[in-house]
Amino acid sequence: MSQSPPRPNSYRAGPDEQGHFGLFGGRFVAETLMPCILEVEKAWAEAGADPAFKAELDHYLAHYVGRPSPLYFAARSTAELGGAKIYLKREDLNHTGAHKINNCMGQILLARRMGKQRIIAETGAGQHGVATATVCALFGLKCVIYMGATDIARQAPNVFRMKLLGAEVKPVTSGAGTLKDAMNDALRDWVANVDDTYYLIGTAAGPHPYPAMVRDLQCVIGEETRGQIMEAEGRLPDSLVACIGGGSNAIGFFHPFLDEPGIDIVGIEAAGHGIESGKHAASMAGGAPGVLHGNRTYLLQDSEGQITEAHSISAGLDYPGVGPEHAWLKEQGRVRYVPVTDTQALEAFQTLTRWEGIIPALESAHALAHAFQAAPDLPGDHVMVVNLSGRGDKDVATVAEHLGNAEVSS
Amino acid sequence: MTAHPSDDRLARRFADLKAAGRGGLVVYVMAHDPDAATAQAILDGLPAAGADIIELGLPFSDPMADGPAIQLAGQRALAAGGSLKGALDALARFRETDSETPVILMGYYNPIYRMGPETFAARAAEAGADGLICVDLPPEEAAELADPLRAHGLHLIMLAAPTTDEARLPAVLRRASGFLYYVSITGITGTRSADAETVACAVERLKAAADLPVAVGFGIKTPEQAATMAGLADAAVVGSAVVSELAGSLDAEGRAGPHTVSRVHALVGRLAAGVRGDPPSGQS
């Protein structure tokens with residue numbers, strides 16, 4: 001890798017026909033699943049060409065999800081930091097409280113088009129599980145959510161939400177009982193129920209066409225931001241910041257801006273206790289290319305190619321891989337990927353809450369931590385947009401546990 | 001260099017089976033399960049117990065196509081220090097006493113990719129492997145591994161599934177070598193079993209399209225099922241049942257018991273008797 005790759009004409013042209021973003025992406029699945037994946041790909045291409053599909057999706061995004069989400073000028077944060085102007089893209093205000101619903105709404109309409117009656121999904125913290133159970137309730141479809149037994153124990157409210165919404169929550173005890181194991185079991189379910197089942201993957205990862213499809217569905221974030229910042233500032237932003245687990249909020253936010261050469265685009269990985277500690281979820285800063293869950297991407301793994309456990313205070317970032325398009329954008333040097341620790345995220349979580357009256361998701365707090373650190377050193381006319389990917393109500397118990405109740409009530 | 005046909009243990013074994021007028025028994029065991037020494041003893045004794053072909057499982061942390069039995073086998077192997085390198089070492093030791101029984105490695109791509117396809121192919125050939133089944137490497141992604149394998153005289157054994165339709169089959173067959181592995185159910189290993197009639201139709205379709213032996217696997221548990229499937233095709237693969245027999249012999253801490261090796265070999269013996277049409281021995 002001593003030679004940097006030639007600069008492409010566009011950073012928005014991928015993937016190729018086989019689902020590759022350069023070295024990354026692809027379709028690394030068992031033969032039994034290949035025909036299913038090809039079927040999803042074909043259906044997605046047909047839906048994309050059908051104006052009725054887009055009209056239906058737009059209808060639900062406007063009237064059910066509550067789009068467009070606001071672009072909010074964080075005046076107090078900007079004043080306190082004394083540097084860049086900080087805007088927040090308010091994905092936390094969507095129905096179900098995060099960007100996840102953008103993807104679920106699109107994929108559930110696709111599943112309906114394909115005539116699938118049973119929906120399966122994996123979930124870590126439970127946010128994608130709740131969003132999936134929500135759209136299944138909306139359309140009366142059977143819903144099975146795979147969730148690691150460890151995660152079920154630490155995310156009880158979301159488990160109850162999913163059950164209220166009519167979903168069956170299946171505990172996954174294989175491996176360490178976390179998100180990657182839930183994804184393994186969802187894939188095993190899909191192999192066994194290919195005829196009637198649609199696998200609604202929650203992030204811009206997995207076998208082609210999922211990374212591209214989820215990105216396309218999340219691009220509504222970046223497209224809205226473009227129009228909103230033009231209205232507010234009369235120009236495009238100077239920098240964009242978003243957190244990365246699998247990376248779906250970030251890729252949807254970044255993608256419409258990738259070919260704008262002047263914009264500094266920054267993805268924030270979860271560094272847990274610090275990259276050097278080995279206890280982190282930063283697959284690009286601390287991992288290596290590998291193949292898992294249907295795609296080639298950066299993975300946390302040992303020298304023998306065994307996948308290792310991720311660690312982050314934020315369950316939504318607690319995954320040992322990353323979407324393949326991010327892996328490619330890293331290699332291209334178009335997006336900077338920066339690690340932020342649990343401690344930094346906790347501090348930003350409290351800071352935004354106090355300054356703006358907005359409790360951010362711990363995932364989004366990783367992006368805020370970087371923004372708050374960078375803003376003071378930037379000029380007053382620098383326009384920075386942070387994607388506030390979700391709200392933090394789900395995280396208050398976790399935060400209380402880490403801070404101790406005395407400090408929270410002070 | 002490509003292997004000369006006469007060096008091809010796999011082709012020879014299938015020719016011998018054909019001459020004997022029966023299908024073969026393919027036995028899957030997980031390398032390093034439950035520990036290196038026990039796994040070696042099991043592996044070394046498989047040919048005498050009646051395995052015609054051996055599939056040596058490569059432990060992986062995230063075996064997406066496997067059911068609980070093989071998942072647990074992989075976890076035991078990894079906990080005991082198993083790895084791809086360790087599996088190749090075990091195979092090399094097996095080859096010190098057996099130069100005739102074909103051994104196919106079966107696993108997932110990431111450990112192989114991490115080692116490097118070229119390095120892997122060279123080491124696997126040196127250890128005495130005859131081929132590889134890479135579960136999560138469909139023909140669309142197989143080129144980067146298929147070329148090094150071929151250069152080292154190793155077969156890349158492709159999977160065909162009930163979902164593999166006429167449109168896809170040619171793409172699978174273009175990469176296939178050694179034999180074709182028919183995944184007889186839509187599902188993971190060691191769960192439900194296919195009915196004979198459906199499998200017979202599928203095997204007929206594959207044989208018409210490919211000039212390769214066909215082995216049937218997934219969900220074959222008993223000597224009777226093995227006999228039926230081996231009769232319909234060129235071989236039957238038994239994995240989860242063997243691994244479960246091993247698991248049943250372990251103590252509460254997952255350590256090998258005094259009968260672990262003998263119980264596995266006894267089950268293989270019963271399966272082999274079924275495939276060979278021998279009368280049941282009654283006791284084993």
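What counts as what
Residues numbered from 1 in each chain as written. Chains lettered and ligands numbered in written order. Predicted model: local features only at pLDDT ≥ 70, side-chain atom pairs only at ≥ 80, totals over all residues. Heavy atoms only, no water. UniProt positions renumbered as here; feature names shortened; annotations may be inferred. Helix = DSSP H or I, 4+ residues; strand = E, 2+ residues; numbered from the N terminus. Buried < 20%, exposed > 50% of the residue type's maximum accessible area, 1.4 Å probe, protein only. Contact = heavy atoms within 4.5 Å. Areas by Shrake-Rupley, 256 points an atom, 1.4 Å probe, with all protein chains shown as cover. Lys, Arg positive; Asp, Glu negative; His and termini not counted. Charge placed at Lys NZ, Arg CZ, Asp CG, Glu CD. Pairing = 2+ DSSP bridges. Axes fitted to C-alpha atoms, helices over the stretch in contact; angles between N-to-C directions. Salt bridge = Lys/Arg side-chain N within 4 Å of Asp/Glu carboxyl O. Polar contact = N/O pair within 3.5 Å; in protein donor to acceptor, adjacent residues only side chain to side chain. Nonpolar A, V, L, I, M, F, W, Y, C, P; charged D, E, K, R; others polar. Parallel < 35°, antiparallel > 145°, perpendicular 65-115°, else oblique. Left-handed = near helix turned anticlockwise from the far one by under 90°. Core = buried A, V, L, I, M, F, W, Y, C linked by side-chain atoms within 4.5 Å. Domains from an automatic or database assignment.

- Going by the annotation in an unreviewed UniProt entry, the name recorded for chain B is Tryptophan synthase alpha chain, with Roseospirillum parvum given as the source organism.
- Per its UniProt entry, chain B bears the Subunit (unreviewed entry) comment "Tetramer of two alpha and two beta chains."
- Per UniProt, chain B carries the Function (unreviewed entry) text "The alpha subunit is responsible for the aldol cleavage of indoleglycerol phosphate to indole and glyceraldehyde 3-phosphate."

- If you check an unreviewed UniProt entry, chain A appears there as Tryptophan synthase beta chain from Roseospirillum parvum.
- Reading the Subunit (unreviewed entry) entry of the UniProt record for chain A gives the comment "Tetramer of two alpha and two beta chains."
- Note on chain A: under the UniProt heading Cofactor (unreviewed entry), the record states "pyridoxal 5'-phosphate".

What to know about the overall build of chain A
Now for step 1: When helices and strands are counted, chain A shows 16 helices and 14 strands.
Now for step 2: Dimensions of chain A, computed from C-alpha atoms along their principal axes, come out at roughly 60 × 50 × 50 Å.
Now for step 3: When each of the 410 residues of chain A is scored for burial, the buried share is 64%.
Now for step 4: Here the analysis covers contacts within chain A between residues at least 6 apart in sequence; of these, 73% occur between residues at least 24 apart.
Now for step 5: Only carbon and sulfur atoms are counted for the fraction: they give 52% of the accessible area of chain A, which is about 14,300 Å².
Now for step 6: Taken together, the 33 basic and 47 acidic charged side chains of chain A have centroids lying 3 Å from each other.

Focus: the UniProt feature "modified residue: N6-(pyridoxal phosphate)lysine" (unreviewed entry) in chain A
Residues and elements named next belong to chain A.
Now for step 1: As recorded in UniProt, the feature "modified residue: N6-(pyridoxal phosphate)lysine" (unreviewed entry) lies at Lys-100.
Now for step 2: If you trace the backbone, Lys-100 turns up in helix H4 (residues 100-113).
Now for step 3: Residue class for Lys-100 comes out buried when judged on its relative accessible area of 18%.
Now for step 4: Those residues in contact with Lys-100 that sit more than four places away from it in its chain are Gln-127, His-128, Ala-131, Gly-202, Gln-218 and Ser-248.

Topic: the sheet that holds strand E1 (residues 20-21) of chain A
Residues and elements named next belong to chain A.
Now for step 1: If you trace the four strands from one edge of the open sheet to the other, you get E1-E2-E12-E11, paired in antiparallel fashion. Of all the strands in the sheet, the pair left with one neighbour each is E1 and strand E11 (288-292).
Now for step 2: Strands in contact with helix H12 (residues 324-332) are E1, strand E2 (24-28) and strand E12 (294-299); relative to E12, the strand with the most contacts, it is inclined by about 45°.

Some details on the interface of chain A and chain B
Now for step 1: Chain A puts 39 residues into the contact, and the matching count from chain B is 39 residues.
Now for step 2: Across the contact surface, chain A and chain B share four salt bridges.
Now for step 3: Between Glu144(B) and Arg296(A) there is a salt bridge, with the nearest N and O atoms lying 2.8 Å from each other.
Now for step 4: Counting across the chain A and chain B interface gives 20 residue pairs in polar contact (both at pLDDT 80 or more).
Now for step 5: Of all elements in the fold, only E2, helix H1 (34-48), helix H8 (179-192), E11 and E12 of chain A reach the threshold of two or more residues within the side of chain A that touches chain B.
Now for step 6: When residues in the side of chain A that touches chain B are grouped by element, the largest group, eight residues, is from H8(A).
Now for step 7: Class assignment of the residues belonging to the side of chain A that touches chain B gives a composition of 17 nonpolar, 13 polar and nine charged.

Focus: the UniProt feature "domain: Tryptophan synthase beta chain-like PALP" (unreviewed entry) in chain A
Now for step 1: In this structure's numbering, the residues bearing the UniProt feature "domain: Tryptophan synthase beta chain-like PALP" (unreviewed entry) are residues 66-390 of chain A.
Now for step 2: The span residues 66-390 of chain A is 42% helix and 21% strand, and its two end C-alpha atoms sit 14 Å from each other.

Quick notes on the packing of helix H2 (residues 36-49) of chain B against helix H12 (residues 260-276) of chain B
Residue and element names in this part refer to chain B.
Now for step 1: Running from amino to carboxyl end, H2 crosses H12 at an angle of 25°, the nearest separation of the two axes being 9 Å. Here H12 runs roughly parallel to H2, going by the angle between their axes. Every pair of crossing elements has a handedness; the one defined by H2 and H12 is right-handed. Residues Thr-38, Ala-41, Ile-42, Gly-45, Leu-46 and Ala-49 of H2 lie in contact with H12, whose contacting residues are Thr-260, Val-261, Val-264, His-265, Val-268, Gly-269 and Ala-272.
Now for step 2: Its residues assigned to classes, the contact of H2 with H12 comprises eight nonpolar, five polar and no charged.

Quick look at the nonpolar core
Now for step 1: Ile108(A), Tyr198(A), Leu105(B), Phe120(B) and Tyr181(B) are the most contacted members of the largest nonpolar core, which totals 166 residues.
Now for step 2: Summarising the domain contributions, this core has at least three residues from each of domain 1 (21-62 + 99-209) and domain 2 (67-97 + 210-403) of chain A.
Now for step 3: With near-sequence residues (within four places) excluded, Ile108(A) lies in contact with Ile119(A), Val135(A), Cys136(A), Phe139(A), Leu141(A) and Leu200(A).
Now for step 4: In this structure, Tyr11(A), Phe253(A), Ala327(A) and Trp328(A) belong to the second largest nonpolar core, which totals 31 residues.

Things to note about helix H15 (residues 396-403) of chain A
Now for step 1: Buried residues of H15(A): Thr398(A), Val399(A), Ala400(A) and Leu403(A), and no others.
Now for step 2: The first or second residue beyond H15(A) is Gly404(A), which carries a positive phi of 85°.

Let's talk about the pattern of salt bridges
Residue and element names in this part refer to chain A.
Now for step 1: Tallied over the entire structure, the rule returns 41 salt bridges over all chains.
Now for step 2: Glu-168 is the salt-bridge partner of Lys-142, the closest N and O atoms lying 4.0 Å from each other. Of the two residues, Lys-142 is situated in strand E6 (residues 142-148) and Glu-168 in strand E7 (residues 168-172); the sequence distance between them amounts to 26 residues.
Now for step 3: For Lys-142, a relative accessible area of 46% gives the class partly exposed.
Now for step 4: Note on Glu-168: relative accessible area 36%, which makes it partly exposed.
Now for step 5: A single network of salt bridges, built from pairs that share partners, joins Arg-67, Lys-89, Glu-91 and Glu-224.

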